[in-house]
Amino acid sequence: MSAWEKLRELHGERGKRSMTGLFDRDPNRFETYSARCGDLLMDYSKTRLDAEIFDSLITLAKSRNLEDRRDAMFSGALINETERRAVLHTALRNLSGDPVFVEGQDVMPGVLATLYQLKDFATGLRSGEIKTASGQVFTDVVNIGIGGSDLGPVMANVALSPYADGPRCHFISNIDGADITETLQGLNPATTLVIVASNTFTTTETMTNASTAKDWLLGSVSAADIGQHLVALSTAEDKTAAFGIAPDRVFGFEDWVGGRYSVWGPIGLSLMLAIGPDHFTEFLRGAEEMDTHFRNAPLAQNLPVILGLVGVWHANICGYNTRAVLPYDQRLARLPAYLQQLDMESNGKGVAMDGTGLKYRSGPIVWGEPGTNGQHAFYQLIHQGTRIVPCEFMVARRGHEPDLAHQHNILIANCLAQSEALMRGRDKKRACKLMRDQGFEGAELDRQAAHRVFPGNRPSVTMMYDQLTPRTLGKIIALYEHRVFVEGVIWGINSFDQWGVELGKRLANRLLPLVNGEQTDDPHDGSTLGLLASLSE
Ligand code: F6P
C-alpha cells in the first residue's frame, strides 16, 4: 500500500474523531505534537494527527526523497528544471564561511562581496556620508518594484519598524497612477533616493513607475546629477545601464535567486537602509538558523517538514482547499500578502516536474489578516461556515511596547481563545443551556440554540516566539520558504518557476494599443470587445 493510500485509509477510519478526545486520551499530546527551533515554538497538536498518521506522513516524505531533494537544493543542483537554474536563496544568508557551488564554482565570494557593498552603501547613506546632489542628507527612500521585488521589502519594513532608525522607506508597486501619486505626495525629490528593484528590469509596472519617478526627480535634481538619487537592484546590468544608472549604484544578484525568495540580498536594501546593516545581518542569521535546522533536524522534529506535512494532510487527505495565516502581531500585517506570493506562485501548479498533469491537488489558497481585526470580520465563516479553513496563528510572548503589556496580554488571550474555540466548538446541549438560561423554551429555544452551535474540531497550528526581532522574522520567513519547498517536493512540482503569470502579461501588451484607441488585427472575444467599446461611453 502506498503512503498516500495508507493516509487515506487512516483518514477514513479516524477522520471524524474529535480533537478534544485526542487530548483526553493523551496527556502529553502538546509535547508530542509540538516542535521548536530556538525560541520559535510550533504547536500542531490541535490537528487530528496521531502517531500512525504522523508516521505515515513521514513515510510519504521519505518516499518522495525529500531529504535528497533538500540536499540537492542546498548544494546548488539545478533543481529548477524548467528554467535550468539552481535555487540558492539560502546562499544569501550563508554566513557560515562554507562554500556553495553552482556548476563547480563557489558562489559565496560573490554573494559576500555584494553584501559588503550593500552594507557600505547603507552605512554611508545612513550616516550622511553619501549625500544628495545638493549635499543634503537623504531623508526618504522610495522602493519601486512589484511581486517579490516589493512584497518582501514592504512586509519586512513593516515588521521591523521598532528597529527603523534610518531614512523613511516608501513603496510603489502598482501600475495604477494612484500608487505613485499618493506615495510621492509630500516627499521632497531633493532628499529622496529612488531604488528601482527589478530582477529582470523589464517588468512593465516597475519600469513605467521608474520613468515617472525619474521625471519627478528631474523637477529638483539636474539630469547630470540624477544618478546620485538612483539605485538599481537587478540581475540585468545591461538594462540598468540603459536606464541611466551607474554601475556602482547597481547591486546585482544571480538567476538562482527567484523574485519571491530575494529579500535576503540586494532586494532587501530598503530594509537595510531602514534598520541598519547590523539588524539586517540578524535577519539573515535568523534565516540561516532555520536553514541549519531544516538541513539537520530529524524529519519528525523538523519545523518546515512538519508544517509542510500538516499542509499536505489538510490539502490532500482532508480535502481542505485553503488555509489562513493569522498573525496576532500587527507588524506582521503584510505577512499574509507576502506568503500568498511565496506559496501560491510557487505551488499553484497543475503539472508535475515531468510534464504530466497532476491527479491530486497542489497548493491551497492562502490568505489572512492580523488578529484581532480578523475576528471582527471573517472569523464567523471560520467558526461556523460550511467550509473548513485550517488556521495558522502566530503570536509573540512579549510585544515591543512594555508600557502596553496589558494590551499584549489581551492579544495573546484572543489568539489562544480562537484556536481553542475552533477545536472545542460548542455542542447543541451547551447551546440549549445557554438559551434556556436566557429564558427561551420549546421550539424557539431549539431554533435559537441551533444558531449558537459551533461544530468545533477545526484544525490550527500556533507559532509562538519571544518577540518580533529581525532574527525571529528571518526564522519565520525561512520556515515558510522551506514549508513551500517540502510541499512542492511531495506534490512533485517545480516550486521555482512561475509560467502562470506570463499569459496575462502577454495579453495586456496586445490589448494596450486597442485601449489607446489604435486598430489591430488581433482577434478578441465578444466580452473583451464589448468592454473595450464601453471605454468610449
Ligand atoms: O510576474 C511575476 C514576477 O515575475 C514575480 O515572480 C516577480 O517577483 C515579479 O514578477 C517581479 O519581477 P521583477 O523583479 O523581475 O520585476
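For the structure, see preceding data.
Below is a short write-up of the structure. For clarity, every value in this text was computed on a predicted model and none was experimentally measured.

Some points on the overall build of the protein
And then number 1: Across its full length, the protein holds 21 helices and 13 strands.
And then number 2: Computed over its C-alpha atoms, the radius of gyration of the protein comes to 25 Å, within 12% of the 24 Å expected for a compact globule of 537 residues.
And then number 3: Each principal axis of the C-alpha distribution contributes one length, and for the protein these read about 80 × 60 × 60 Å.
And then number 4: Within the protein, the fraction of its 537 residues that count as buried is 53%.
And then number 5: A separation of at least 24 residues holds for 75% of the contacts in the protein among residues at least 6 apart in sequence.
And then number 6: Counting 52 positive and 64 negative side-chain charges, the protein places the centres of these two groups 8 Å from one another.

Focus: helix H16 (residues 405-424)
And then number 1: Between its first and last C-alpha, H16 extends 28 Å over 20 residues, near the 28 Å set by a 1.5 Å rise per residue.
And then number 2: Residues of H16 that are buried in the fold lie against helix H2 (19-25), strand S10 (322-328), helix H15 (379-384), strand S12 (391-396) and strand S13 (460-465).
And then number 3: Two residues or fewer past H16, glycine 425 is found with a positive phi of approximately 60°.

Quick look at the side chain of arginine 93
And then number 1: With respect to the helices and strands, arginine 93 occurs in the loop between helix H5 (66-74) and strand S3 (101-102).
And then number 2: Apart from the residues lying within four places of it in its own chain, the contact partners of arginine 93 are Trp264, Leu284, Ala287, Glu288, Asp291, Ala478, Glu481 and His482.

Overview of the site of the ligand
And then number 1: Close to the ligand lie 14 residues; Gly148, Ser149, Ser198, Thr200 and Thr203 are nearest.
And then number 2: Backbone polar atom of glycine 148 to an oxygen atom of the ligand: 2.7 Å apart, as the coordinates give it.
And then number 3: Contact distances for the ligand include 2.5 Å between an oxygen atom and a side-chain N or O atom of threonine 203.
And then number 4: With the chains in place, 88% of the 390 Å² that the ligand exposes on its own is no longer accessible.
And then number 5: Taken together, the residues of the shell around the ligand break down into two nonpolar, 10 polar and two charged.

Description of the pairing of S10
And then number 1: Counting buried positions over the seven residues of S10 gives seven, a clear majority of the element.
And then number 2: In terms of strand pairing, S10 meets strand S11 (residues 365-367) through three bridges, oriented parallel. In the sheet register, arginine 323 faces S11, and the bridge partner there is valine 366.
And then number 3: Handedness of the S10-helix H14 (residues 335-347)-S11 crossover: right-handed.
And then number 4: Direction of pairing for S10 relative to S12: parallel, over a ladder of five bridges. Residue pairing for S12: proline 327 is matched across the bridge by methionine 394.

Quick notes on the pattern of salt bridges
Should the charged atoms of two oppositely charged side chains come close, the side chains can pair.
And then number 1: Considering all chains together, one arrives at 31 salt bridges under this definition.
And then number 2: In this structure, the salt-bridge partner of aspartate 50 is arginine 17, at a minimum N-O distance of 2.7 Å. Placement of the pair is aspartate 50 in the loop between strand S2 (40-43) and helix H4 (51-63) and arginine 17 in the loop between helix H1 (3-14) and H2, with a sequence separation of 33 residues.

Re the pairing of strand S7 (residues 192-197)
And then number 1: Of all the six residues making up S7, six are buried; the element is thus mostly covered by neighbouring parts of the structure.
And then number 2: In terms of strand pairing, strand S5 (residues 140-144) meets S7 through five bridges, oriented parallel. Directly across from valine 142, in S7, lies its bridge partner valine 194.
And then number 3: Pairing geometry for S7 and strand S8 (residues 230-233), over four bridges, is parallel. When the sheet's bridge partners are listed, valine 194 is paired in S8 with leucine 230.
And then number 4: For the crossover from S7 across helix H9 (residues 204-218) to S8, the handedness is right-handed.

Observations concerning the nonpolar core
And then number 1: Trp256 and Leu473 are the most contacted members of the largest nonpolar core, which totals 113 residues.
And then number 2: The greatest single-element share of this core, amounting to 12 residues, is contributed by helix H19 (residues 470-491).
And then number 3: Apart from the residues lying within four places of it in its own chain, the contact partners of tryptophan 256 are Ala86, Val87, Leu88, His89, Ala91, Leu92, Val102, Val107 and Val111.

A few points about the sheet that holds S7
And then number 1: Across the sheet, five strands lie side by side as S6-S5-S7-S8-S9; this open sheet has parallel pairing. The strands lining the two open edges of the sheet, one partner per strand, are strand S6 (168-172) and strand S9 (250-251).
And then number 2: Strand contacts of H9: S5, S6, S7 and S8, with the helix running at about 160° to S7, the strand carrying the most contacts.

What about the state of the cysteines?
And then number 1: Under the defined criterion, the tally for this structure stands at zero disulfides.
And then number 2: The cysteine cysteine 318 is free of any disulfide, with cysteine 391 supplying the nearest cysteine sulfur at 14 Å.
And then number 3: Given the relative accessible area of 18%, cysteine 318 is considered buried.
And then number 4: Cysteine 415 forms no disulfide, and the closest cysteine sulfur to it belongs to cysteine 391, at a distance of 10 Å.

Section: helix H8 (residues 177-184)
And then number 1: Every buried residue of H8 is accounted for by Ile180, Thr183 and Leu184. The buried residues of H8 occupy an angular sector of 90° when projected down its axis, which confines them to one face.
And then number 2: Looking at the buried positions of H8, the neighbouring elements they touch are S5, S6 and H9.
And then number 3: Immediately downstream of H8, the backbone of glycine 186 shows phi near 90°, a positive value.

Parameters and conventions
- Residues numbered from 1 in each chain as written.
- Predicted model: local features only at pLDDT ≥ 70, side-chain atom pairs only at ≥ 80, totals over all residues.
- Heavy atoms only, no water.
- Helix = DSSP H or I, 4+ residues; strand = E, 2+ residues; numbered from the N terminus.
- Rg over C-alpha atoms; globule rule 2.2 N^0.38 Å.
- Buried < 20%, exposed > 50% of the residue type's maximum accessible area, 1.4 Å probe, protein only.
- Contact = heavy atoms within 4.5 Å.
- Lys, Arg positive; Asp, Glu negative; His and termini not counted.
- Charge placed at Lys NZ, Arg CZ, Asp CG, Glu CD.
- Expected span 1.5 Å × (residues − 1).
- Near = heavy atom within 4 Å.
- Polar contact = N/O pair within 3.5 Å; in protein donor to acceptor, adjacent residues only side chain to side chain.
- Areas by Shrake-Rupley, 256 points an atom, 1.4 Å probe, with all protein chains shown as cover.
- Nonpolar A, V, L, I, M, F, W, Y, C, P; charged D, E, K, R; others polar.
- Pairing = 2+ DSSP bridges.
- Right-handed = clockwise from strand over helix to strand, strands pointing away.
- Salt bridge = Lys/Arg side-chain N within 4 Å of Asp/Glu carboxyl O.
- Core = buried A, V, L, I, M, F, W, Y, C linked by side-chain atoms within 4.5 Å.
- Axes fitted to C-alpha atoms, helices over the stretch in contact; angles between N-to-C directions.
- Disulfide = S-S within 2.5 Å.
- Arc of directions from axis to C-beta.

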